[in-house]
Amino acid sequence: MNKLIIAEDLMQEHEVKGYFEILRESVIRSRLTMTAVFFKLANSSQRTDIERHQISSFLKSKIRKTDLLFQLADGVHWGIFFLQSSEVEVKAFLKRIFAILKQEREFQQIGLKASITEIRNNNVNFETLLEKNKQKLADGEQPTWSIEQVSDYSVQPMEQVKVSIIEQNAIFRKVLETTINHLDIPHFTLDVATYEDGYSFLQSDSYKTGHMHLVVMNDILPRKNGLEILHILREMPNEKKFIIYMMSERNSEGATLNAYEGGVDEYIVKPFNLRLLEAKIKRTFARFWL
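What this report covers is the structure whose coordinates are included nearby. These numbers come from a predicted model, not from an experiment.

1. Section: the overall build of the protein
Of the regular secondary structure elements, the protein holds nine helices and eleven strands. The C-alpha radius of gyration computed for the protein amounts to 26 Å, which surpasses the reference 19 Å derived for 290 residues by more than 25%, pointing to a less compact arrangement than a globule. Excluding contacts between residues fewer than 6 apart, the proportion of contacts in the protein whose partners are at least 24 apart in sequence is 73%. Approximately 15100 Å² of the protein is accessible, and the part contributed by carbon and sulfur atoms is 50%. Seen as two clouds, the 38 positive and the 39 negative side-chain charges of the protein have centres 3 Å apart.

Rendered as structure tokens:
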């Protein structure tokens, strides 16, 4: 058997584990996708050190600056972490580089196999990821130039969203609560609470959690009106977690401008169709997964 060559200019398996754990958690926080690809030379035990070095150099020349290429400890597998890329994008990349390898004279005697794992949750550890993909790439189990897939980690987790309804009218407050509770929004669960005025909302401390927070409130309220609440929320260090809908009976251009300049995300003039509110909320959360 040829002596294994470890490429000195590539990151190695033991160096990458820490990076992977950070990247995996960022997938959850940012709601982005990471896709891992693993390669192996066909008939790897018969390949030379020169061929392995050729593949290392070739892969390094084809990745983006945001991609992380590394070599596994056995010297015959390579991996790439593609950040903010889905399996569809990565499959297109693989087909493209496979076509180049087949055409290049220096690679005509070399065949590659690949496996893809799309990661949308944090239920996978580094060792398991390597093991599952190595099994897909085992000699004799997969044809040359084929692309296998590990689909165990592609389901996005549900994210809890706090929803605060601040409305003085008890009947309309209940209508809003029922409407929002019945919304079916992919990837999100809604935890709805209601308040009769701005003061009771602030006393609840619910707005201080780290969750994404949808606030649906009237502009005119007893004890801390909507504009005061808007100012308080937008002055918080983590104000970007708030999605603020302001309801108002005022349909003037000035009132609308003041609301948007103050930081509302949606300004809804009363009376309004509840289906309009449902559509706006669904559209807002759909944007997080585009």
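2. Here's the deal with the sheet that holds strand β9 (residues 212-218)
Read across the open sheet, the five strands follow the order β8-β7-β9-β10-β11; overall the sheet is parallel. The outermost strands of the open sheet, each flanked by one partner alone, are β8 (188-195) and β11 (266-269). Shown here is a sheet whose adjacent strand axes are inclined to one another by a mean of 15 degrees, direction ignored. Pairing of β9 with strand β10 (residues 242-248) involves six bridges; the strand directions are parallel. By the bridge assignment, Val 215 is partnered in β10 with Ile 244. Sheet strands in contact with helix α5 (residues 170-181) are β7 (159-166), β8, β9 and β10, and its direction is about 175 degrees off that of β8. Where helix α7 (residues 226-234) meets the sheet, it contacts β7, β9 and β10, and its direction lies at approximately 170 degrees from that of β10.

3. Concerning the sheet that holds strand β4 (residues 77-83)
Taking strand neighbours across the sheet as the criterion, the six strands line up as β1-β3-β4-β2-β5-β6 in an open arrangement whose pairing is mixed. One side of each edge strand has no neighbouring strand; the edge strands of this open sheet are β1 (11-12) and β6 (147-150). Where helix α3 (residues 87-103) meets the sheet, it contacts β2 (34-41), β4, β5 (112-119) and β6, and its direction lies at approximately 165 degrees from that of β5. Where helix α4 (residues 126-136) meets the sheet, its contacts fall on β2, β3 (68-71), β4, β5 and β6, and the angle it forms with β5 comes to roughly 140 degrees.

4. Quick notes on the pairing of β3
Residues Leu 68 and Phe 70 of β3 are buried on one face, and the alternating residues Leu 69 and Gln 71, pointing to the opposite face, are buried as well. The turn linking β3 back onto β4 is made up of five residues, and Gly 75 within it adopts a positive phi angle of 80 degrees.

5. What to know about the nonpolar core
Grouped together as the largest cluster of nonpolar side chains are 23 residues, with contacts concentrated most on Phe 39, Ile 55, Leu 59, Leu 94 and Ile 97. In terms of residue count, α3 provides more of this core than any other element does, six residues in total. Apart from residues lying up to four places away in sequence, Phe 39 is in contact with Leu 59, Val 76, His 77, Trp 78, Ile 80, Leu 94, Ile 97, Phe 98, Leu 112, Lys 113, Ala 114 and Leu 137. Formed by 20 residues, the second largest nonpolar core is a distinct cluster that contains Ile 180, Leu 183, Leu 214 and Tyr 245.

6. Points about the packing of aromatic side chains
The final tally for this structure, using the stated rule, is twelve aromatic pairs. Summarising the aromatic geometry, the rings of Phe 20 and Phe 126 are spaced 5.7 Å apart at their centres and angled 45 degrees between planes, so their arrangement reads as tilted. One end of the pair, Phe 20, is in helix α1 (residues 13-30); the other, Phe 126, is in helix α4, and 106 residues separate them in sequence. The class for Phe 126 is buried, based on a relative accessible area of 4%. Here Phe 70 and Phe 126 contribute two aromatic rings whose centre-to-centre distance is 6.4 Å and whose plane-to-plane angle is 50 degrees, an arrangement assigned as tilted. Of this pair, Phe 70 sits in strand β3 while Phe 126 sits in helix α4, placing them 56 residues apart in sequence. The same class applies to Phe 70 as to Phe 126, namely buried. One aromatic cluster is present, built from ring pairs that chain together Phe 20, Phe 38, Phe 70, Phe 81 and Phe 126.

7. Points about the packing of α1 against α4
Helix packing for two helices is described by the angle between their axes and how far apart those axes are. Direction vectors running N to C along α1 and α4 enclose 120 degrees, while the axes themselves pass 10 Å from each other. Comparing their axes, α4 and α1 come out oblique. Contact with α1, carried on its side by Glu 13, Val 16, Lys 17 and Phe 20, involves Phe 126, Glu 127, Leu 129 and Leu 130 of α4 and no other residues of that element. In the contact of α1 with α4, the residues fall into five nonpolar, no polar and three charged.

What counts as what
- Think of each chain on its own: its residues are numbered from 1, step by step along the sequence as written.
- For this predicted model, a pLDDT threshold of at least 70 governs which residues receive local features, and a threshold of 80 or more governs which side-chain atom pairs are given and counted, while totals over whole chains, interfaces and linings are taken from all residues.
- Processing note: side-chain calculations cover all non-hydrogen atoms of the structure and skip hydrogens and water entirely.
- Runs of E in the DSSP output that reach at least two residues are strands. Runs of H or I that reach at least four are helices, and both are numbered from the N terminus.
- Our radius of gyration looks at C-alpha atoms and nothing else; its globule reference is 2.2 Å times the residue count to the power 0.38.
- Working rule for contacts: check all heavy atoms of both residues, and any pair within 4.5 Å makes them a contact.
- The accessible surface values rely on the Shrake-Rupley method and a 1.4 Å probe; as for residues, cover is taken only from the protein chains in view.
- Only four residue types enter the tally: Lys and Arg on the positive side, Asp and Glu on the negative side; His and the chain ends are excluded.
- Note on charges: their place is set at NZ of Lys, CZ of Arg, CG of Asp or CD of Glu.
- Two strands form a pair only when DSSP identifies at least two bridges running between them.
- Whenever a helix is involved, its axis is fitted only over the stretch in contact; in every case the axis is a line through C-alpha atoms, and angles between N-to-C directions fall within 0 to 180 degrees.
- Buried residues are those whose accessible area, probed at 1.4 Å on protein chains only, stays under 20% of the maximum for their type, while exposed residues exceed 50% and partly exposed ones sit between those limits.
- Put simply, a nonpolar core is a bunch of buried Ala, Val, Leu, Ile, Met, Phe, Trp, Tyr and Cys residues held in one set by side-chain atoms that sit within 4.5 Å of each other.
- Between 30 and 60 degrees the pair is tilted, below 30 it is stacked and above 60 it is edge-to-face, where a pair is any two Phe, Tyr or Trp rings, Trp via its six-membered ring, whose centres lie within 6.5 Å.
- Here the angle decides the label: under 35 degrees means roughly parallel, over 145 means roughly antiparallel, 65 to 115 means roughly perpendicular, and every other value means oblique.
- When residue character is reported, Ala, Val, Leu, Ile, Met, Phe, Trp, Tyr, Cys and Pro are called nonpolar, Asp, Glu, Lys and Arg charged, and the others, Gly included, polar.

Treat this as a map of the structure, not an account of what it does.
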